[in-house]
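Structural characterization, general
One letter stands for each residue in the lines below.
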Amino acid sequence: MDREKTTMDRRVVVDVWDWQTRVLHWTNALLVLTLALLMLGNEAMEALGVAKALRRPVKQLHAYTGYVFVFTFTLRIAWAFLGNEYARWRDIVPLTGEQWSGVAANVRWYLSGFKSEPPLSRGHNPLASLFYTALFVVLAAQALTGLTLAGVELHMAPAAWFTAGLGEEALEAVEEAAEEIHEFGLWFVIFYLTAHIGGLVFHEIGERTGLFSSMIHGKKYFPEE
């Protein structure tokens, strides 16, 4: 019995996340969280009737932080073509039959009340990949609409170059559309962060592969069998 337990407890160390993926993951996570808090803070100030002149520095800080995020997010998109096998789009976006089987297996594990053995994934969890894919699309929209709003409201390049010749009505229409998309993106990001943390906790406890720590040192620990 003790020998069987020892065998089951043996773990194989697998290098999964390269250092570029880890650095970009934490950098982008911190930037997204900062941007969300600044945006919520600006909306709270507006709801409390704070003067526009006093809210402007918050909006400017949001915009400057957004420019940094656009740069680092672009690096992550590029790294999905250049990184190791677990950093690439084929591991992020669930396209193969094997990945969709993994999605179904994860759904069954959730529906079982986490009573069965969880399906293990070396790279991105297939079910989580559905959310990752949606997140990448939303973040790309956030970047584009954020740049647009920075150009319209703060006259910041590069969007200001394209909006400078527009009339007042056209500018208002562009601003309104960008704000609607940007606000939707904010609430999606909040939903995603909540779901991401919840899923991380469940899989950290169920899988015992060092899921959270793997984004620090890049390694996961799988059962030897």
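All values reported here derive from a predicted model rather than from experimental measurement. (Residues numbered from 1 in each chain as written. Predicted model: local features only at pLDDT ≥ 70, side-chain atom pairs only at ≥ 80, totals over all residues. Heavy atoms only, no water.)

Secondary structure assignment for the protein chain yields 9 helices and 2 strands. Scanning the protein chain from its N terminus toward the C terminus, one meets helices and strands in the order α-β-α-α-α-α-α-α-α-α-β. Seen through its C-alpha atoms, the protein chain measures out along the principal axes to roughly 75 × 40 × 30 Å. Relative to its full complement of 225 residues, the protein chain shows a buried share of 38%. Of all intrachain contacts in the protein chain linking residues separated by at least 6 positions in sequence, the fraction that spans at least 24 positions is 74%. Put simply, the protein chain shows about 13500 Å² of open surface, and 67% of that area lies on carbon and sulfur atoms. Averaged over its 18 positive side-chain charges, the protein chain has a centre that lies 10 Å from the centre of its 24 negative ones. (Helix = DSSP H or I, 4+ residues; strand = E, 2+ residues; numbered from the N terminus. Buried < 20%, exposed > 50% of the residue type's maximum accessible area, 1.4 Å probe, protein only. Contact = heavy atoms within 4.5 Å. Areas by Shrake-Rupley, 256 points an atom, 1.4 Å probe, with all protein chains shown as cover. Lys, Arg positive; Asp, Glu negative; His and termini not counted. Charge placed at Lys NZ, Arg CZ, Asp CG, Glu CD.)

We now examine the packing of aromatic side chains. Applying the stated rule across the entire model yields 13 aromatic pairs. Residues Trp109 and Phe114 carry aromatic rings whose centres are separated by 4.9 Å and whose planes lie at 75° to one another, so their mutual orientation is edge-to-face. Given the relative accessible area of 2%, Trp109 is considered buried. Since its relative accessible area comes to 33%, Phe114 is described here as partly exposed. In this structure an aromatic cluster arises from ring pairing among Phe69, Phe73, Phe81, Trp89 and Phe136. (Phe/Tyr/Trp six-rings, centres within 6.5 Å; stacked < 30°, edge-to-face > 60°.)

Tracing the backbone shows His155 in the loop between helix H6 (126-154) and helix H7 (159-163). For His155, a relative accessible area of 62% puts it in the exposed group. The contacts of His155, once residues within four sequence positions are left out, are Ala150 and Ala160.

What follows concerns unusual backbone geometry. The phi torsion of most residues other than glycine is negative, and most of the peptide bonds are trans. Backbone torsion omega between Ala157 and Pro158 reads 5°, so that peptide bond is classified as cis. Of note, Pro158 is situated in the loop between H6 and H7. Not every positive phi belongs to a glycine, and Arg208 is a case in point at roughly 55°. Among the structural elements, Arg208 can be located in the loop between helix H8 (168-207) and helix H9 (211-217).

This paragraph deals with a nonpolar patch on the surface. There is a patch of nonpolar side chains on the surface, built from Leu33, Leu37, Leu40 and Trp187 and spanning about 380 Å² of accessible area. It is helix H2 (residues 19-47) that provides the largest number of residues to the nonpolar patch, a total of 3 residues. When you line up the elements, Leu40 lands in helix H2. Assessed through its relative accessible area of 30%, Leu40 is described here as partly exposed. (Patch = residues over 30% accessible without salt bridge, like charges linked within 9 Å, V, L, I, M, F, W, Y side chains within 5 Å. Salt bridge = Lys/Arg side-chain N within 4 Å of Asp/Glu carboxyl O.)

If you look at the biggest cluster of nonpolar residues, it comprises 16 residues, and the most contacted ones within it are Phe69, Ile92 and Leu139. Elements supplying a minimum of two residues to this core: H2, helix H3 (52-82), H6 and H8. (Core = buried A, V, L, I, M, F, W, Y, C linked by side-chain atoms within 4.5 Å.)

Using the criterion set out here, one finds 2 salt bridges in the structure. Here Lys59 makes a salt bridge to Glu153, at a shortest N to O gap of 3.2 Å. With Lys59 in helix H3 and Glu153 in helix H6, this pair connects stretches of sequence that are 94 residues apart. Under the relative-accessibility criterion, Lys59 is labelled partly exposed at 25%.

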